[in-house]
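Structural characterization, general
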Amino acid sequence: MGAASGDRIHRRGARVLLVSHSAGEPRLLMVRGHDPHDPDRYFWFTPGGGLEEGETMRAAAVRELAEETGHVLETHELVGPVWRRTAVFDFASRPYTQFEEIFVGLHVHAERRDRTAEEWTEIELETIDEVAWLTESELRESPIEVFPAQLRETWAWFLEWDGVTRDLGEVDE
């Protein structure tokens, strides 16, 4: 699967763990998608994506959150980064290496606006199937892949973040 390593796409990316406490049990806003070149491969992932030229990690995180979900935060409303990692993966038959920072945002701070189809890239239109609020147990028990995989573990440490950014190293997805 994927192209030759010389064709590998190297980029920086930012993601948001948007947390809601409104239903009693904490929930995360997750996106369910599939690989357009492997339509049987479905996965949950956090809102986020690659940086645009000159963009900071925080700016990319809030832009991607708004584009993909319609939830709008200001950069100063993000906590973290709580995680740093290098994700190595194939998507649409292309190999990627993406250095990511992952932030936490609170739903209570987010404004909601209608998202338009024009905000999604062609690949997002083709691959995003659903945006949903999921609990820790729902992600842990999900029959499809979850990215980052650490979301299948306890959320306690990032729900009550101690200010220490954790480096997850290089992860194969």
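Residues numbered from 1 in each chain as written. Predicted model: local features only at pLDDT ≥ 70, side-chain atom pairs only at ≥ 80, totals over all residues. Heavy atoms only, no water.

With that settled, consider the overall build of the protein. Along the backbone of the protein there are four helices and eleven strands. Counting over 173 residues, the protein shows a buried share of 46%. Within the protein, contacts between residues at least 6 apart in sequence are counted, and of these 72% link residues at least 24 apart. Accessible surface, the protein as shown: approximately 8,700 Å² in total, 48% of it carbon and sulfur. (Helix = DSSP H or I, 4+ residues; strand = E, 2+ residues; numbered from the N terminus. Buried < 20%, exposed > 50% of the residue type's maximum accessible area, 1.4 Å probe, protein only. Contact = heavy atoms within 4.5 Å. Areas by Shrake-Rupley, 256 points an atom, 1.4 Å probe, with all protein chains shown as cover.)

Its location among the elements puts Thr154 in the loop between strand S10 (145-147) and helix H4 (156-159). Here the alpha-carbon distance between Thr154 and Arg140, two residues 14 residues apart in the chain, equals 9.1 Å. Side-chain polar atoms of Thr154 contact the backbone nitrogen of Ala156, separated by 3.2 Å. (Polar contact = N/O pair within 3.5 Å; in protein donor to acceptor, adjacent residues only side chain to side chain.)

It is worth spelling out the layout of surface pockets at this point. Considered as a void within the structure, the largest pocket measures approximately 660 Å³ in volume. Lining the largest pocket we find 31 residues, and of these Arg11, Arg15, Gly48, Phe89 and Phe91 sit closest to its centre. Those elements that provide at least two residues to the lining of the largest pocket are strand S1 (9-20), strand S2 (27-35), strand S3 (38-45), strand S4 (48-50), helix H1 (57-69), strand S6 (79-91), strand S7 (94-106) and helix H2 (122-127). Top contributing element to the lining of the largest pocket by residue count: S6, with five residues. Across the lining of the largest pocket, the residue classes break down as ten nonpolar, eight polar and 13 charged. (1 Å grid on protein atoms, 1.4 Å probe; cavity = no way out; pocket = protein on both sides within 12 Å on 5 of 7 lines; lining within 4 Å. Points joined across faces, edges and corners; volume = space filled by probe spheres on them. Nonpolar A, V, L, I, M, F, W, Y, C, P; charged D, E, K, R; others polar.)

With 16 residues, the main nonpolar core has Leu17, Leu28, Met30, Trp44, Leu139, Leu151 and Phe158 as its most contacted residues. Contributing elements (two or more residues each) for this core: S1, S2, S6, S7 and strand S9 (128-135). Aside from chain neighbours lying at most four places away, what touches Leu151 is Leu17, Leu28, Met30, Thr46, Trp83, Leu139, Val146 and Phe158. Leu18, Leu29, Ala61 and Leu73 belong to the second-largest nonpolar core, a separate cluster that totals 13 residues. (Core = buried A, V, L, I, M, F, W, Y, C linked by side-chain atoms within 4.5 Å.)

For the rest of this paragraph, the subject is unusual backbone geometry. Here the amide bond leading from Gly80 into Pro81 is cis, since omega sits at 25°, within 30 degrees of zero. With respect to the secondary-structure elements, Pro81 resides in strand S6. In this structure, Pro148 follows Phe147 across a cis peptide bond, with omega equal to -5°. Note that Pro148 resides in the loop between S10 and H4. In the Ramachandran plot, Ala92 falls in the positive-phi region, its phi being about 55° despite a non-glycine side chain. As for its position among the elements, Ala92 is in the loop between S6 and S7. Residue class for Ala92 comes out buried when judged on its relative accessible area of 15%. A positive phi angle is found at Ser93, which is not glycine, with a value near 65°.

Turning to the packing of aromatic side chains, a few remarks are in order. This structure, assessed with the given rule, holds seven aromatic pairs. For the pair Phe43 and Phe45, a centre-to-centre distance of 6.0 Å together with 55° between the ring planes defines the contact as tilted. One aromatic cluster is present, formed by Trp83, Trp155, Trp157 and Phe158 through successive ring pairs. (Phe/Tyr/Trp six-rings, centres within 6.5 Å; stacked < 30°, edge-to-face > 60°.)

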